[in-house]
Amino acid sequence: MPQISQFAESWYAASQIFWVLLTFGFVFFVIGRGMLPKIEATVDARDRKVADDLAAAKAAHAAADNLEEGYRQQSDASRAAAQKAVTDAKDKAAKDAEKRLAKVDAELADKLSAAEADVNAARTSAMAEIESVAAEAAGDLVAKLSGVKVAAADAKAAVKAVLHG
Amino acid sequence: MADQGKVDPMHQFEVQKMFDMFHVGNHEVAFTTSAMWMVIAGLLLWVFMIGGMKRQLVPGRWQVAVEGFTGFISSMMNANIGPEGRKYTPYVFSLFMFILMLNVIGLMPLGLFGVHPFTVTSHFTITGFLAILSFSIVLIVGFWRHGLHFFSLFVPHGTPWWLLWLIPVIELVSFLVRPFSLALRLFVAMTAGHVLMKVFASFIIDGIAAGPAVGLGVGIPSMALMVGISGLELLVAGIQAYVFALLTSLYLNDAVNLH
């Protein structure tokens with residue numbers, strides 16, 4: 001096994017150790033300490049950027065959600081307000097119409113009762129006139145036919161009895 | 001070198017001297033094949049990482065690949081140690097990538113292009129160095145943060161008082177074994193896999209040498225097995241690098257979050 005047999009040679013171990021020291025030293029100082037931290041810094045920076053961007057995106061998403069929520073609430077509120085306004089207006093219009101109708105009804109009823117009263121009055125006065133005219137005519141008829149003078153009061157009573165049964 | 005017509009499965013682990021450099025005491029330091037592959041691994045890793053340095057917000061394919069590796073180790077450290085683990089990510093990441101690169105380079109079929117591939121991590125000098133480095137960091141961090149209180153690591157929670165003479169000894173031994181298990185696991189896994197592949201390859205060569213009938217009878221199943229084992233070895237290359245990094249992070253966790 002050369003690894004062991006060569007160990008006896010004076011140059012072997014010294015050369016091996018010298019060169020591994022030199023080359024590993026180069027690897028450690030130039031690559032390990034010189035280049036590795038920069039590469040790690042790049043990776044870290046990228047990771048941080050990705051994390052930051054993700055956080056920003058999340059925040060923007062939340063803000064958009066909030067905005068949408070606010071918009072929805074606002075539109076809900078305004079829709080409700082509009083609906084309320086419409087129903088109020090409808091109610092008011094209905095009430096007004098009712099009031100006006102009631103007023104007109106009352107007026108019409110007044111007019112009707114006045115007219116009825118007028119008609120009744122006219123009818124009673126007409127009846128009274130008919131009675132007196134009929135009594136006069138009956139008195140005249142009796143006087144012409146029999147020559148008997150009938151008292152106006154008697155004629156009236158007789159006509160009344162005939163007219164009113 | 002291997003004898004004529006024989007494949008020596010151990011030859012691949014031999015470190016060849018390419019040129020001498022300088023002396024430390026009476027030890028000679030040379031540029032070797034092992035050193036060459038470590039340099040290549042370091043440079044390839046560097047090139048790979050440069051592709052991840054565009055630092056774009058929306059990454060391209062290459063950047064995603066690099067960030068996949070860094071993210072893998074970062075999340076492992078985070079899961080095992082917690083937020084404080086970030087401090088040690090550069091070390092564990094370097095360890096993981098370096099070992100992974102060496103393991104994978106050792107498996108590349110570079111022999112087709114006339115290059116002798118060599119698995120650096122199949123040498124316990126290398127794995128041992130990395131293991132001792134990890135172990136030392138654990139010790140330093142542990143004593144730095146907790147002082148002598150770090151020794152309470154050897155008394156786990158809920159230890160009955162009448163076992164206090166035994167448990168700390170067992171814990172101490174298991175603690176001291178860590179660098180060895182760390183180093184040997186990687187070294188053995190790499191060595192065994194490569195030996196296995198060389199043995200099957202030698203079956204094919206020896207079979208062909210014995211004649212066409214034996215060559216086909218032995219060669220085809222051996223080849224099929226080698227294809228499967230190559231895939232398995234790629235998996236092992238990744239797993240062993242991961243295990244090394246994972247255990248290092250777990251040991252660091254002991255040191256950082258004592259109990």
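Treat the numbers as computed from the prediction; the structure is a model and nothing was measured. (Residues numbered from 1 in each chain as written. Chains lettered and ligands numbered in written order. Predicted model: local features only at pLDDT ≥ 70, side-chain atom pairs only at ≥ 80, totals over all residues. Heavy atoms only, no water.)

1. What to know about the pairing of strand β1 (residues 17–24) of chain B
Residue and element names in this part refer to chain B. Pairing analysis gives six bridges linking β1 to strand β2 (residues 27–32), with the strands arranged antiparallel. Looking at the pairing, K17 lines up with T32 of β2. Linking β1 back to β2 in an antiparallel pair, the connection comprises two residues, with G25 at a positive phi of about 60 degrees. (Pairing = 2+ DSSP bridges. Helix = DSSP H or I, 4+ residues; strand = E, 2+ residues; numbered from the N terminus.)

2. Describing the interface of chain A and chain B
On the side of chain B, 52 residues touch chain A, which itself brings 38 residues to the contact. A buried area of about 4100 Å², summed over both sides, lies between chain A and chain B, and 74% of it is on carbon and sulfur atoms. The tally of links from chain A across to chain B stands at three salt bridges. Breaking the side of chain A that touches chain B down by element, the ones donating at least two residues are α1 (2–5) and α2 (10–146) of chain A. Looking at the side of chain A that touches chain B element by element, the count peaks at 32 residues for α2(A). Tallied by class, the residues present in the side of chain A that touches chain B amount to 24 nonpolar, eight polar and six charged. (Contact = heavy atoms within 4.5 Å. Buried area = accessible area lost by both parts, 1.4 Å probe. Salt bridge = Lys/Arg side-chain N within 4 Å of Asp/Glu carboxyl O. Nonpolar A, V, L, I, M, F, W, Y, C, P; charged D, E, K, R; others polar.)

3. Focus: the side chain of S122(B)
In this fold, S122(B) is placed in the loop between α3 (89–107) and α4 (124–146). In this view, S122(B) contacts Q3(A), F13(B), F187(B), M190(B) and T191(B); residues no more than four positions away in its chain are not counted.

4. Focus on the side chain of H123(B)
Within the secondary structure layout, H123(B) lies in the loop between α3 and α4. Setting aside residues no more than four positions away along its own chain, H123(B) makes contact with Q3(A), Q6(A), Y12(A), Q16(A), F13(B), V15(B), F118(B) and F187(B).

5. Some thoughts on the environment of T248(B)
Residue and element names in this part refer to chain B. The residue T248 is located in helix α6 (residues 212–256) in this model. Exposure remark for T248: the relative accessible area of 1% places this residue in the buried category. Between the alpha carbons of T248 and L95 there is a distance of 9.2 Å; along the sequence they are 153 residues apart. Within the local environment of T248, its side chain forms a polar contact with the backbone oxygen of F244, the two atoms lying 2.7 Å apart. (Buried < 20%, exposed > 50% of the residue type's maximum accessible area, 1.4 Å probe, protein only. Polar contact = N/O pair within 3.5 Å; in protein donor to acceptor, adjacent residues only side chain to side chain.)

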